[in-house]
Amino acid sequence: TATERTLVIVKPDGVARNLVGEVLRRVEAKGYSIVALELRTADTDLLARHYAEHEDKPFFASLVEFMVSGPVVAAIVEGHGVIEGFRSLAGSTKPTSAAPGTIRGDLGREWGSAVVQNIVHGSDSPESAAREIGLWFPAL
Ligand code: DAT
Ligand code: MG
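The model shown is predicted, which means the values in this text are computed figures rather than measured ones. (Residues numbered from 1 in each chain as written. Chains lettered and ligands numbered in written order. Predicted model: local features only at pLDDT ≥ 70, side-chain atom pairs only at ≥ 80, totals over all residues. Heavy atoms only, no water.)

**Observations regarding the site of ligand 1**
Close contacts around ligand 1 come from Lys11, Tyr51, His54, Phe59, Leu63, Arg87, Thr93, Arg104, Ala114, Val115, Val116 and Asn118, and that covers them all. Note that an oxygen atom of ligand 1 is positioned 3.1 Å from one of the side-chain N or O atoms of Arg104. The protein chains hide 76% of the 520 Å² of surface that ligand 1 would expose on its own. Considering only residue class, the shell around ligand 1 consists of six nonpolar, three polar and three charged. (Near = heavy atom within 4 Å. Polar contact = N/O pair within 3.5 Å; in protein donor to acceptor, adjacent residues only side chain to side chain. Areas by Shrake-Rupley, 256 points an atom, 1.4 Å probe, with all protein chains shown as cover. Nonpolar A, V, L, I, M, F, W, Y, C, P; charged D, E, K, R; others polar.)

**Comments concerning the packing of aromatic side chains**
In total, this model carries zero aromatic pairs according to the counting rule given. Across from the ring centre of Trp111, 3.9 Å away, lies the NZ or CZ of Arg109, which sits over that ring. (Phe/Tyr/Trp six-rings, centres within 6.5 Å; stacked < 30°, edge-to-face > 60°. Lys NZ or Arg CZ within 6 Å of the ring centre and 35° of its normal.)

**A closer look at the UniProt feature "binding site: ATP" (unreviewed entry) in the protein**
The positions UniProt marks with the feature "binding site: ATP" (unreviewed entry) are Lys11, Phe59, Arg87, Thr93, Arg104 and Asn118. By secondary structure assignment, the location of Lys11 is in the loop between strand S1 (3-10) and helix H1 (12-16). In contact with Lys11, not counting residues within four places along its chain, are Tyr51, Phe66, Met67, Val72, Arg104, Asn118, Ile119, Val120 and His121. Mapping Arg87 onto the fold places it in helix H5 (residues 82-90). For Arg87, a relative accessible area of 39% gives the class partly exposed. Dropping the residues within four chain positions of it, Arg87 is found in contact with Gly122, Ser123 and Asp124. (UniProt positions renumbered as here; feature names shortened; annotations may be inferred. Helix = DSSP H or I, 4+ residues; strand = E, 2+ residues; numbered from the N terminus. Contact = heavy atoms within 4.5 Å. Buried < 20%, exposed > 50% of the residue type's maximum accessible area, 1.4 Å probe, protein only.)

**Considerations on the pattern of salt bridges**
In this structure the tally under the stated criterion is seven salt bridges. For Arg5, the salt bridge is made with Glu78, and the minimal N-O distance between the two is 2.6 Å. Of this pair, Arg5 sits in strand S1 while Glu78 sits in strand S3 (residues 72-80); the two residues are 73 residues apart in sequence, bridging distant segments of the chain. Looking at Arg5, the relative accessible area reads 40%, which means it is partly exposed. One salt bridge connects Arg49 with Asp45, and the closest N-O pair in it is separated by 3.4 Å. One end of the pair, Arg49, and the other, Asp45, are both in helix H3 (residues 44-50), four residues apart, so they sit about a helical turn from each other. The exposure class of Asp45 is partly exposed, given its relative accessible area of 46%. (Salt bridge = Lys/Arg side-chain N within 4 Å of Asp/Glu carboxyl O.)

Structural data, given as structure tokens:
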């Protein structure tokens, strides 16, 4: 597999729960490289574009509101097969059913919120990764 880049985000729940180091530790322990890293509070416009594929879903407004509710850590992570590989590290979307050993399975659970809070985001394809890296790190 070719060297590729993905966008990883530690979401507001992950930052608030002091899980930034734990997430980055798992990324680095897997052998992937962090090539850009930033702590910031994003705005609604960026999040609406980031999650544009979900704009017609009932949870879209709650999702954007949650993602701008506090600081996030955005990272560009590089490695062979990292797009699929980070999705494997993250685990499936719902923390309740995510496998133990994954970030979401080990560290996440349901909170009774209108939006699923699952600690991390990772790009789901090469096209998504290129688009998302362009949104979050336009200079890179
Ligand atoms: P993923 O983040 O695993 O790629 P996704 O792209 O389907 O999942 O959804 C984006 C985020 O939206 C997800 O991380 C959590 C939230 N979400 C997804 N499905 C949801 C649902 N049915 N109800 C509430 N929030 C949801
Ligand atoms: Mg997704």
